[in-house]
Amino acid sequence: MELKKRFFVLAGLAVAVVVGGVLFASYYGDWLWFQNLGFSRVFLTEISAKTLTFLGAFLLFVLFAGLNIRYARKWGRPTRGVRVIHPQQPTSPLFSLFQGDHAGGAWAALVVVLATIMGLGASDSWLTFLKFFHASRFGIAEPIFGKDLGFYLFALPLYELLLEWFFFGLIITSIAVGISYYLDRAIGVIENRLFVAPRFKTHFQVLGGLFFLGFAVSYRLKLYGLLYSQSGVASGEPRNSSR
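Student: In this structure, what is going on with the overall build of the chain? I would like to understand it.
Tutor: A tally of helices and strands in the chain yields 7 helices and 2 strands. Moving toward the C terminus, one meets the helices and strands of the chain in the order α-α-α-α-α-α-β-β-α. Burial status across the chain gives 28% buried among its 243 residues. For the chain, the computed accessible surface area is about 16,600 Å², with 68% contributed by carbon and sulfur atoms.

Below, the structure is given as structure tokens:
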């Protein structure tokens, strides 16, 4: 068991070194190019914005998903191992990995991998974050909602991006939480009847409430989008239009 643990640690370190080397080679070449053109400050701004965006999204997802999975494992403990698997039915590798002696480490590794994906996805929109934090007012308010035009150019794109990220992260977290409850046998079929533990219902009611909250915010943002919509009887002004 100790040898197996060391193998996974060394494999993780090897992957980290390879990925780090590829990223360094890529960004170092860009750095030399920008420096040669005299735009090294622009490159540093981009790198810092990407890094901060990645770290922010990474930490937010780790906190949200980690807490949900932690409570799922805590609330699934009463049913864990209650219903014995049939002796002739083989134990799935998924069950052995996430319910064995190293289950905590396996779930933590899964959260880190998913958080990395979420962070990388958010870092691709670093320019949207920069526009928001360095926004300026135009001094011209549209007549429907009374918002300054800068809101539609700098703030609204970020709100839409954050909402999309929120929905994606919520879906991934819900799937992970559902798998945790399933492995803990808090949900399943017993004697041709569906069994659902009360804690499972409560947890997914909370997650469902977050979904509906996100939909409410989405419809609110869509109201602003009507001002530059290109569909319908009357179309609004395109967001990127210029006179």
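Student: Before we go on, may I ask you to explain unusual backbone geometry in this structure?
Tutor: Glycine aside, negative phi is the norm for most residues, and most peptide bonds take the trans geometry. Unlike most non-glycine residues, R185 shows phi in positive territory, near 60°. Tracing the sequence through the fold places R185 in the loop between α6 (149–183) and β1 (187–190).

Student: Whenever I open this one, the packing of helix α2 (residues 40–75) against helix α5 (residues 126–133) confuses me. Can you help?
Tutor: When two helices pack together, their arrangement is given by the angle between the helix axes and the distance between those axes. Between α2 and α5, the least distance of the axes is 9 Å, while the angle of their chain directions is 100°. Viewed along their axes, α2 and α5 adopt a mutual orientation that is roughly perpendicular. Mapping the contact onto sequence places T45, E46, A49, K50 and T53 in α2 and W126, F129 and L130 in α5. Here the residues of the contact of α2 with α5 are counted per class, giving 4 nonpolar, 2 polar and 2 charged.

Student: Help me understand the packing of α2 against helix α4 (residues 103–123), please; the structure alone is not making it clear to me.
Tutor: At a closest axis distance of 8 Å, the pairing of α2 and α4 adopts a crossing angle of 145°. The way α2 lies across α4 gives a crossing that is right-handed. Touching K50, T53, F54, A57, F58, F61, V62, A65, G66, I69 and R73 of α2 are A103, W107, V111, V112, L114, A115, T116, M118, G119, L120, A122 and S123, all from α4. Residue composition of the contact of α2 with α4, grouped by class: 16 nonpolar, 5 polar and 2 charged.

Student: What am I meant to see in the packing of aromatic side chains here?
Tutor: Aromatic rings in a pair are described by how distant their centres are and how their planes are angled relative to each other. Taken as a whole and assessed by the stated rule, the structure comprises 15 aromatic pairs. Centroid distance F138 to F154: 6.3 Å. Interplanar angle 20°. Geometry classified as stacked. With a gap of 16 residues between them, F138 in the loop between α5 and α6 and F154 in helix α6 connect regions that are remote in the sequence. For F154, a relative accessible area of 18% translates into the label buried. For the ring pair F151 and Y224, a centre distance of 5.1 Å and an interplane angle of 70° mean the geometry is edge-to-face. Of the two residues, F151 is situated in helix α6 and Y224 in helix α7 (residues 198–225); the sequence distance between them amounts to 73 residues. Exposure class is identical for F151 and Y224. Each is buried. The rings of F132, F133, F145, F151, Y152, Y159 and Y224 are connected pair by pair, giving a single aromatic cluster. Cation over ring: K147 sits above F151, and NZ or CZ is 4.9 Å from the ring centre.

Student: When you look at the pattern of salt bridges in this model, what are you seeing that I'm missing?
Tutor: Taken as a whole, this structure holds 2 salt bridges when the rule is applied. E46 is the salt-bridge partner of K50, the closest N and O atoms lying 3.2 Å from each other. In this pair, K50 and E46 are both assigned in helix α2, 4 residues apart and thus about one turn of the helix distant. Close ionic contact of D148 with R137 constitutes a salt bridge, the shortest N to O distance being 3.8 Å. With a gap of 11 residues between them, D148 in the loop between α5 and α6 and R137 in the loop between α5 and α6 connect regions that are remote in the sequence. Overall, the relative accessible area of 8% leaves D148 in the buried class.

Student: Just to check I follow, could you spell out the side chain of H203 for this structure?
Tutor: For H203, the location among the structural elements is in helix α7. Only 2.9 Å separates the side chain of H203 from the side chain of Y181, close enough to count as a polar contact. With residues near it in sequence (within four places) discarded, H203 still touches N68, Y71, A72, W75, V177 and Y181.

Student: Explain α6 here, please?
Tutor: In an α-helix there are 3.6 residues to a turn, and that puts residues three or four apart on one side. Under the 1.5 Å per step criterion, the end-to-end length of α6 is 51 Å for 35 residues, consistent within 8% with the ideal 51 Å. At A155, α6 shows its maximal bend, which comes to roughly 40°, and the proline P157 appears one to four places after that position. Within two residues after α6, R185 carries a phi angle of roughly 60°, on the positive side.

Reading the values: the criteria
- Residues numbered from 1 in each chain as written.
- Predicted model: local features only at pLDDT ≥ 70, side-chain atom pairs only at ≥ 80, totals over all residues.
- Heavy atoms only, no water.
- Helix = DSSP H or I, 4+ residues; strand = E, 2+ residues; numbered from the N terminus.
- Buried < 20%, exposed > 50% of the residue type's maximum accessible area, 1.4 Å probe, protein only.
- Areas by Shrake-Rupley, 256 points an atom, 1.4 Å probe, with all protein chains shown as cover.
- Axes fitted to C-alpha atoms, helices over the stretch in contact; angles between N-to-C directions.
- Parallel < 35°, antiparallel > 145°, perpendicular 65-115°, else oblique.
- Contact = heavy atoms within 4.5 Å.
- Nonpolar A, V, L, I, M, F, W, Y, C, P; charged D, E, K, R; others polar.
- Left-handed = near helix turned anticlockwise from the far one by under 90°.
- Phe/Tyr/Trp six-rings, centres within 6.5 Å; stacked < 30°, edge-to-face > 60°.
- Lys NZ or Arg CZ within 6 Å of the ring centre and 35° of its normal.
- Salt bridge = Lys/Arg side-chain N within 4 Å of Asp/Glu carboxyl O.
- Polar contact = N/O pair within 3.5 Å; in protein donor to acceptor, adjacent residues only side chain to side chain.
- Expected span 1.5 Å × (residues − 1).
- Bend = angle between axes of the 7 residues up to and from the residue.

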